[in-house]
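Report on the structure
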Amino acid sequence: MISRMIPRLNSIHLECRECGKIHEPDFRYVCEDCFGPLDVRYDGVSVNRDTFSGRAHTYWRYYEMLPILDKSHIVDIGSGMTPLMRADRLGDELGLKNLYIKNDSVNPTFSFKDRPAGVAVSKATELGLKAVGCASTGNLASATAAHAAKAGLPCHVFAPGDIEVPKIAQALSYGANFVAVDGTYDDSNRIAAQIGEQKGIGIVNINLRSYYVEGSKTLAYEVAEQLNWEVPDRLVVPVGSGAMLNAICKGFEELDELGLLGDVSSMRMVAAQPLGCAPVVDAYRKNQDIVQPVERPETVAKSLAIGDPGDGRYVLKRLKQYKGHAEDSNDREILNGITLLARTEGIFTEPAGGVAVAVLKKMVEDGKIDRDEKVVCYITGNGLKATEPLMEVLPKLDVMKADVEAISAVVK
Ligand SMILES: *Cc1c(COP(=O)(O)O)cnc(C)c1O
Ligand SMILES: [Zn+2]
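Residues numbered from 1 in each chain as written. Chains lettered and ligands numbered in written order. Predicted model: local features only at pLDDT ≥ 70, side-chain atom pairs only at ≥ 80, totals over all residues. Heavy atoms only, no water.

1. Description of the coordination of the zinc ion (ligand 2)
Around the zinc ion (ligand 2), the protein contributes the donor atoms Cys-16 (SG), Cys-19 (SG), Cys-31 (SG) and Cys-34 (SG), at 2.3 to 2.4 Å from the metal centre. One can describe the donor arrangement at the zinc ion (ligand 2) as tetrahedral, given that its four donor atoms subtend angles of 96 to 120° at the metal. Sequence positions of the donors to the zinc ion (ligand 2) reduce to the motif C-x2-C-x11-C-x2-C. Of this pair, Cys-16 sits in strand β1 (residues 11-16) while Cys-34 sits in the loop between β2 (22-23) and β3 (38-43), placing them 18 residues apart in sequence. (Donors = N, O, S within 2.8 Å, 3.2 Å for Na, K, Ca; no water. Tetrahedral: all angles 85-135°; square planar, octahedral: opposite > 155°, others 65-115°. Helix = DSSP H or I, 4+ residues; strand = E, 2+ residues; numbered from the N terminus.)

What follows is the structure in C-alpha cells.
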C-alpha cells in the first residue's frame with residue numbers, strides 16, 4: 001500500500017483525523033480530500049516493556065514509535081527522559097497523597113518544546129528540506145533554533161515582539177533569524193504559514209505538524225515507563241494550541257494498543273489555561289464543540305497566549321472522551337502557583353507551569369479531584385525564562401551595607 005524508500009523494521013503512514021484517508025508520509029500535513037489534520041500511524045511495531053530499558057536517556061529511546069525512518073536523520077541534543085518526581089510536600093499542601101510532577105523544565109532548551117521541535121527538525125532533515133522555522137509564543141523559538149543549529153540548517157522564527165526577553169536572547173544565540181511580529185501569536189502563525197508555503201521552509205508546528213506532535217506524545221511514554229507501566233488517574237496539562245494534550249492522549253492510546261499498558265480509558269484529562277486566554281475553557285463551560293477565538297490574549301502566561309488554538313476542538317473531544325475538565329487561573333493565582341511549586345518541591349517553572357499548579361489547587365479545593373488519585377502534573381517550562389512578572393509577588397530586596405552587625409539583625 002505505502003511505498004518506502006528506506007527500509008525499516010516497521011513502516012509509517014499518515015491518516016486523516018477527520019475522514020481516515022491514508023496518505024504517504026511525506027512533506028504534507030492536511031488531507032487532500034477534506035483538509036483535516038493528518039496523524040502518523042505505525043505498522044508492524046514489535047516492542048515490549050523491556051525494549052527500552054537499556055537505551056539512551058532521551059526520548060529517542062522510543063525510536064520505533066517515532067516517525068523518522070532512518071536513524072542517521074535523528075537530530076539529538078539530549079532532550080527528554082526528564083524526571084518524574086513524587087511531590088509529597090506539594091501534595092501535603094494541596095491535600096493529595098499520590099502527586100507526581102513531570103519536570104519538563106529541565107530539557108536542553110528548558111521547555112517541553114524540545115520534544116516536538118526535535119522530531120520535526122529530524123523529519124525536515126529526512127525530507128531534505130533546506131531550512132526550518134516556526135511560529136512561536138516563545139519556547140518553540142529556542143527549541144527549533146537549537147535543533148536547527150545542531151542540524152546545520154537555517155531557522156526562521158516568527159513570534160510576537162512582546163514575548164519575554166530571555167526567550168528572544170536564547171533563540172538569537174542559537175543563530176535564528178528572529179522575526180518579531182507587531183501583533184499576536186495568531187498573526188505570527190498566519191505569516192509563518194504563508195512564508196513556509198512560498199519558500200518551501202519546514203515550519204515545524206505548521207507544515208510539519210503531523211511529525212511535530214509525535215515528539216509531544218513522548219510525554220505519555222515517559223510517564224508510563226516511569227510509573228512502571230501504570231496508567232495515572234488524572235493528568236493536568238497546560239493548553240495553548242492544544243497539540244500537547246491531544247498528543248499525550250495519543251501516546252497513552254498507542255501504549256495500550258501495543259499491549260504495554262493497561263486500559264487507558266479510565267484516565268482523566270485536565271486542560272489548564274490562563275484566564276486572559278482561555279478559549280478552550282470557555283467552550284468547555286458552554287458545552288460547545290468548537291472554540292471561539294480570543295482576539296487579544298492578555299495574560300502573564302505568554303507561552304499559552306494562543307487566541308485561536310489549532311487543536312482546540314480536538315482538546316474538547318479528548319475532554320469528552322476522558323471524562324475531562326477544563327479550568328482557568330488568573331495572573332495572581334499563576335504567580336502564586338509558581339512560588340508554591342518552588343517552595344515545596346524545589347522546581348522553578350515559568351507561568352505555564354504556574355497555570356497547571358493553580359488549576360490543580362483549585363480543582364482539589366473544589367472537590368473535583370480525590371485525595372487518593374494518582375495525579376501527574378505536567379510542568380512544561382523553566383522559571384528562568386520569565387522572571388520579570390514574579391518580582392511583583394516576591395519580597396523586595398534592600399541592598400545592605402556590608403556590616404555584620406546590621407546584617408545579623410535580619411537573619412532570624
Ligand atoms: C507551548 C507551550 C505549552 C502549550 O503547548 P500546546 O501544544 O501549544 O498546547 C505549554 N507550556 C509551555 C511552557 C509551552 O511553551
Ligand atoms: Zn480527510
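What follows picks up the thread again.
2. Some remarks on the site of ligand 1
Looking at ligand 1, there are 15 residues lining it, with Lys-113, Asn-139, Ser-241, Gly-242 and Thr-380 nearest. A distance of 2.8 Å separates an oxygen atom of ligand 1 from a polar side-chain atom of Asn-139. In this structure, an oxygen atom belonging to ligand 1 sits 2.9 Å away from a main-chain N or O atom of Gly-240. Contact with the protein chains covers 98% of the free accessible surface of ligand 1, which is 380 Å². In this structure the site holding ligand 1 corresponds to the largest pocket. In terms of residue class, the shell around ligand 1 is built from six nonpolar, seven polar and two charged. (Near = heavy atom within 4 Å. Polar contact = N/O pair within 3.5 Å; in protein donor to acceptor, adjacent residues only side chain to side chain. Areas by Shrake-Rupley, 256 points an atom, 1.4 Å probe, with all protein chains shown as cover. 1 Å grid on protein atoms, 1.4 Å probe; cavity = no way out; pocket = protein on both sides within 12 Å on 5 of 7 lines; lining within 4 Å. Sits in = over half its atoms within 2 Å of the grid points. Nonpolar A, V, L, I, M, F, W, Y, C, P; charged D, E, K, R; others polar.)

3. Concerning the nonpolar core
Most often, soluble globular proteins keep nonpolar side chains buried together rather than apart. Among the nonpolar cores identified, the biggest contains 80 residues, and Ile-248, Phe-252, Met-269 and Tyr-378 are the most heavily contacted of them. In terms of residue count, helix α8 (residues 243-257) provides more of this core than any other element does, eight residues in total. Once you skip the residues sitting within four places of it in the chain, Tyr-378 turns out to touch Lys-102, Leu-219, Ala-220, Val-223, Leu-235, Val-236, Val-237, Pro-238, Ile-248, Phe-252 and Ala-356. In this structure, Leu-99, Ile-101, Leu-360 and Val-375 belong to the second largest nonpolar core, which totals 31 residues. (Core = buried A, V, L, I, M, F, W, Y, C linked by side-chain atoms within 4.5 Å. Buried < 20%, exposed > 50% of the residue type's maximum accessible area, 1.4 Å probe, protein only. Contact = heavy atoms within 4.5 Å.)

4. Here's the deal with helix α2 (residues 114-126)
Counted at 1.5 Å a residue, the expected span for α2 with its 13 residues is 18 Å, and the 18 Å between its end C-alpha atoms agrees. Buried residues dominate α2, accounting for 12 of its 13 residues. When α2 is considered as a whole, its buried residues turn out to be Asp-114, Arg-115, Pro-116, Ala-117, Gly-118, Val-119, Ala-120, Val-121, Ser-122, Lys-123, Ala-124 and Glu-126. Buried-residue contacts for α2 involve β1, β5 (98-103), β6 (132-135), α3 (139-151), α6 (209-216) and α7 (218-226). (Expected span 1.5 Å × (residues − 1).)

5. Quick look at the UniProt feature "domain: Tryptophan synthase beta chain-like PALP" (unreviewed entry) in the chain
Feature annotation in UniProt places "domain: Tryptophan synthase beta chain-like PALP" (unreviewed entry) on residues 78-381, given in this structure's numbering. Taken end to end, residues 78-381 comprises 45% helix and 16% strand; its first and last C-alpha atoms sit 16 Å apart. (UniProt positions renumbered as here; feature names shortened; annotations may be inferred.)

6. Some points on the pattern of salt bridges
Scanning the model with the defined rule gives 33 salt bridges in all. Residue Glu-214 pairs with Lys-250 through a salt bridge whose shortest N-O separation is 2.9 Å. One end of the pair, Glu-214, is in helix α6; the other, Lys-250, is in helix α8, with 36 residues separating them in the sequence. This pair shows no difference in class: Glu-214 is buried, exactly as Lys-250 is. (Salt bridge = Lys/Arg side-chain N within 4 Å of Asp/Glu carboxyl O.)

7. A look at the sheet that holds β1
Taken together, the three strands give an open sheet; going across it, the order is β2-β1-β3, and neighbouring strands pair in antiparallel fashion. Strands at the two margins of the open sheet, each flanked by one partner only, are β2 and β3. Relative to β3, β1 is paired through six bridges, and the arrangement is antiparallel. For Ser-11, the partnering residue across the bridge sits in β3 and is Asp-43. Contacts from α6 reach β1 and β3 within the one sheet, and its direction differs from that of β3 by about 65°. (Pairing = 2+ DSSP bridges. Axes fitted to C-alpha atoms, helices over the stretch in contact; angles between N-to-C directions.)

8. Notes on a nonpolar patch on the surface
Together, Met-400, Ile-407, Val-410 and Val-411 line one region of the surface with nonpolar side chains, adding up to about 340 Å² of accessible area. Relative accessible area serves as the criterion here: at 37%, Met-400 is assigned to the partly exposed category. (Patch = residues over 30% accessible without salt bridge, like charges linked within 9 Å, V, L, I, M, F, W, Y side chains within 5 Å.)

9. Regarding the pairing of strand β10 (residues 234-238)
Taking burial as the measure, the five residues of β10 include five buried ones, the bulk of the element. Where burial is concerned, the two faces of β10 agree: the one with Arg-234, Val-236 and Pro-238 and the one with Leu-235 and Val-237 are both buried. Where β10 lies against strand β11 (residues 268-274), five bridges are found, and the strand directions are parallel. Within β11, the residue paired with Leu-235 across the bridge is Met-269. Read from β10 through α8 to β11, the crossover connection turns out right-handed. Bridge count between β10 and strand β13 (residues 374-379): three bridges; the pairing is parallel. Each residue of the ladder has a partner; that of Val-236, found in β13, is Cys-377. (Right-handed = clockwise from strand over helix to strand, strands pointing away.)

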